[in-house]
Amino acid sequence: MVHPVLELKNVNKSFGPIDVLHDISLSVKAGEVLCLLGDNGAGKSTLIKTLAGVHKPSSGTIKMDGETITFDKPKDAADRGIATVHQFGGTFPLMSIGRSFFVGVEPVKKFGPFKVFDRKTANETAVKAVQSFGITRIDDGDRLIGGLSGGERQALAIARAVHFGARVLILDEPTAALGVKQASHVLRIVMEAKKRGIAVIFITHQVTHAMAVGDHFAVLIRGALAANFMRGERSREEITDLMAGGEALADLDDHMEPSSNQSAAAASLA
Ligand SMILES: Nc1ncnc2c1ncn2[C@@H]1O[C@H](COP(=O)(O)OP(=O)(O)OP(=O)(O)O)[C@@H](O)[C@H]1O
Ligand SMILES: [Mg+2]
C-alpha cells in the first residue's frame, strides 16, 4: 500500500485556553496539490506551522509515509523534507542569488589552508535550478535578491526547496501580493513541483488560483475541517462560498441598504 506522504489524524491545537484547531484529519499524496482554504483566522497558518515543526499538536498524530512522527523544532521537519516557503520568498535583499541559494549549505572549495565559498558553482547551480522551473529571466547568480520581482523570489525559494530534496512543499499565500502575470508564474511552478512528485500544500484566498492548480481541497471554518473534496466534486460557487466561511455573502446582503449601488453588486455576486 502506498501511504500518503503526510497524514494528520485527529489533530487538535490549543494555545492555553484558546482552541484553534479541532480534530483535523487530512492527508496529502505525492504529486498532489492540496489547497487549504478558509477565511481570515480560520487556522490555516496554525495548521501548516504544526506540520512544519513550529507548533506541536495538543493531541492527535502526524504521519509521514505511514510512520508517526513528532517534530521538536522546524529543523526536524525540514530534515524530513517538509519545506515552507513564505510570502516574498523569505530571502535577504542584499544577498546575491547564488549565495542565498546556499545559505546554511554553502559549497566550499579548499584553497590552501582556507575554505572559500565557491561563488561560480553556487551561481551556476542556483541559476540552473530556477531555470529548470521555467524562469529563464534569471540568468546571473550575482544579481541581488532585492532586485528580483516577488514572483521571481518565490520561484527561487521553491527551486531551492526542491533542489535540496523537499518532498512536501508548503506555500502560505504565495500569490497574495502578486500581480496577475507574476501569480501565473508561481502557479506554473506549483504545477512543475507537482510533476516532480512533490506534495504541495497551497494556501490561498483566491478561488481562481486554487482552482487553477488544486487536485484536492480542504476548507477550514473556525479551526474545523468543514469540507474535504477532490477536484471536480464542487462547483466554483460552492468553493467560493465555503472559502468565505459559508456565510459572508449572506451577511453582506443583510448589511446593505436596498437602495445602495453596492447592494446590486452584492446581489450579482450571490
Ligand atoms: N500563538 C497563538 N496564540 C494564540 N492564538 C493564536 C496563536 N496563533 C494563532 N492564534 C489564533 O488562531 C486563529 C487562527 O489563526 P491563523 O493564523 O492560523 O489563521 P489563518 O487561517 O492563517 O488566517 P489568515 O487567512 O488571516 O492568514 C486566530 O484566531 C489566531 O488569533
Ligand atoms: Mg494565515
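Just so it is clear, the structure is predicted and the values come from calculations on it, not from any experiment.

1. Focus: the site of ligand 1
Logical step 1: Around ligand 1, the surrounding shell holds 13 residues, and the nearest of these are Asn-40, Gly-41, Lys-44, Ser-45 and Thr-46.
Logical step 2: Gly-41 is positioned with one of its backbone polar atoms (N or O) 2.8 Å from an oxygen atom of ligand 1.
Logical step 3: Between His-205 and ligand 1, the recorded distance is 2.9 Å, taken from a side-chain N or O atom to an oxygen atom.
Logical step 4: Calculation on ligand 1 without its partners gives an accessible area of 640 Å², and the protein chains cover 59% of this total.
Logical step 5: Residue assignment for the shell around ligand 1 shows that the elements contributing at least two residues are strand E2 (18–28) and helix H1 (44–51).
Logical step 6: Considering every element that reaches the shell around ligand 1, the biggest residue donor is H1, with 3 residues.
Logical step 7: Across the shell around ligand 1, the residue classes break down as 4 nonpolar, 6 polar and 3 charged.

2. Observations regarding the nonpolar core
Logical step 1: Counting 46 residues, the largest nonpolar core has Leu-37, Ile-158, Leu-169, Leu-171, Val-200 and Phe-202 as its most contacted members.
Logical step 2: A total of 7 residues in this core trace back to one element, the largest contributor, which is helix H5 (residues 150–163).
Logical step 3: There are two domains that each give this core at least three residues, and those are domain 1 (6–234) and domain 2 (235–270).
Logical step 4: Leave out the neighbours within four places in its chain, and Phe-202 touches Val-33, Leu-34, Cys-35, Leu-36, Leu-171, Pro-174, Thr-175, Leu-187, His-209, Ala-210 and Val-213.

3. Regarding the packing of H5 against helix H6 (residues 180–195)
Logical step 1: Running from N to C, H5 and H6 point in directions that differ by 15°, and their axes come no closer than 8 Å. If you check the angle between H5 and H6, you find them roughly parallel. In this structure, the crossing between H5 and H6 has a hand that is right-handed. Each of Gly-150, Gly-151, Glu-152, Gln-154, Ala-155 and Ile-158 in H5 lies in contact with H6, whose residues at this interface are Gln-182, Val-186 and Ile-189.
Logical step 2: Here the residues of the contact of H5 with H6 are counted per class, giving 4 nonpolar, 4 polar and 1 charged.

4. With respect to the side chain of Asp-215
Logical step 1: Secondary-structure assignment places Asp-215 in the loop between helix H7 (207–213) and strand E11 (216–221).
Logical step 2: A polar atom in the side chain of Asp-215 sits 3.0 Å from the side chain of Lys-194.
Logical step 3: In contact with Asp-215, not counting residues within four places along its chain, are Gly-31, Glu-32, Val-33, Lys-194, Met-230 and Arg-231.

5. Quick word on the confidence of the model for the protein
Keep in mind that low pLDDT regions are not for reading the predicted coordinates in detail.
Logical step 1: In this model, the protein carries an average pLDDT of 87, and 88% of its residues clear a pLDDT of 70 or more.
Logical step 2: Least confident of the elements in the protein is helix H10 (residues 261–269), whose mean pLDDT is 44; most confident is strand E1 (residues 6–15), at 98.
Logical step 3: The low-confidence segment residues 255–270, where pLDDT is below 50, has 11 contacts with residues more than four positions distant or belonging to other chains.

6. Section: the packing of aromatic side chains
Logical step 1: Counted under the stated rule, the structure contains 4 aromatic pairs.
Logical step 2: Between the aromatic rings of Phe-101 and Phe-164, the centroid separation amounts to 5.7 Å while the plane-to-plane angle is 45°, which identifies the pairing as tilted. Of this pair, Phe-101 sits in helix H3 (residues 97–101) while Phe-164 sits in the loop between H5 and strand E9 (168–172), placing them 63 residues apart in sequence.
Logical step 3: A relative accessible area of 37% means that Phe-164 is categorised as partly exposed.

7. Some remarks on the pairing of strand E12 (residues 224–230)
Logical step 1: Here E11 runs beside E12; their pairing, made up of 6 bridges, is antiparallel. The residue bridging His-216 from the neighbouring strand is Met-230, located in E12.
Logical step 2: Remark: 2 residues form the turn of the hairpin made by E11 and E12, two consecutive strands paired antiparallel; Arg-222 in that turn has positive phi of roughly 45°.

8. Some thoughts on a nonpolar patch on the surface
Logical step 1: A cluster of nonpolar side chains, Phe-111, Phe-114 and Val-116, forms an exposed patch at the surface whose accessible area comes to about 320 Å².
Logical step 2: Of note, Val-116 is situated in strand E8 (residues 114–117).

9. Examining empty space enclosed by the protein
Logical step 1: Going through the model one piece at a time under the given rule, you end up with 1 cavity of 30 Å³ or more.
Logical step 2: There is about 30 Å³ of room inside the largest cavity.
Logical step 3: For the largest cavity, the full set of lining residues is Leu-6, Leu-8, Leu-26, Ser-27, Val-28, Leu-34, Leu-51 and Ile-201.
Logical step 4: In terms of residue count, E2 provides more of the lining of the largest cavity than any other element does, 3 residues in total.
Logical step 5: When grouped by side-chain class, the residues that make up the lining of the largest cavity number 7 nonpolar, 1 polar and no charged.

Rules of the game
- Residues numbered from 1 in each chain as written.
- Chains lettered and ligands numbered in written order.
- Predicted model: local features only at pLDDT ≥ 70, side-chain atom pairs only at ≥ 80, totals over all residues.
- Heavy atoms only, no water.
- Near = heavy atom within 4 Å.
- Polar contact = N/O pair within 3.5 Å; in protein donor to acceptor, adjacent residues only side chain to side chain.
- Areas by Shrake-Rupley, 256 points an atom, 1.4 Å probe, with all protein chains shown as cover.
- Helix = DSSP H or I, 4+ residues; strand = E, 2+ residues; numbered from the N terminus.
- Nonpolar A, V, L, I, M, F, W, Y, C, P; charged D, E, K, R; others polar.
- Core = buried A, V, L, I, M, F, W, Y, C linked by side-chain atoms within 4.5 Å.
- Buried < 20%, exposed > 50% of the residue type's maximum accessible area, 1.4 Å probe, protein only.
- Domains from an automatic or database assignment.
- Contact = heavy atoms within 4.5 Å.
- Axes fitted to C-alpha atoms, helices over the stretch in contact; angles between N-to-C directions.
- Parallel < 35°, antiparallel > 145°, perpendicular 65-115°, else oblique.
- Left-handed = near helix turned anticlockwise from the far one by under 90°.
- pLDDT = per-residue confidence, 0-100.
- Phe/Tyr/Trp six-rings, centres within 6.5 Å; stacked < 30°, edge-to-face > 60°.
- Pairing = 2+ DSSP bridges.
- Patch = residues over 30% accessible without salt bridge, like charges linked within 9 Å, V, L, I, M, F, W, Y side chains within 5 Å.
- Salt bridge = Lys/Arg side-chain N within 4 Å of Asp/Glu carboxyl O.
- 1 Å grid on protein atoms, 1.4 Å probe; cavity = no way out; pocket = protein on both sides within 12 Å on 5 of 7 lines; lining within 4 Å.
- Points joined across faces, edges and corners; volume = space filled by probe spheres on them.

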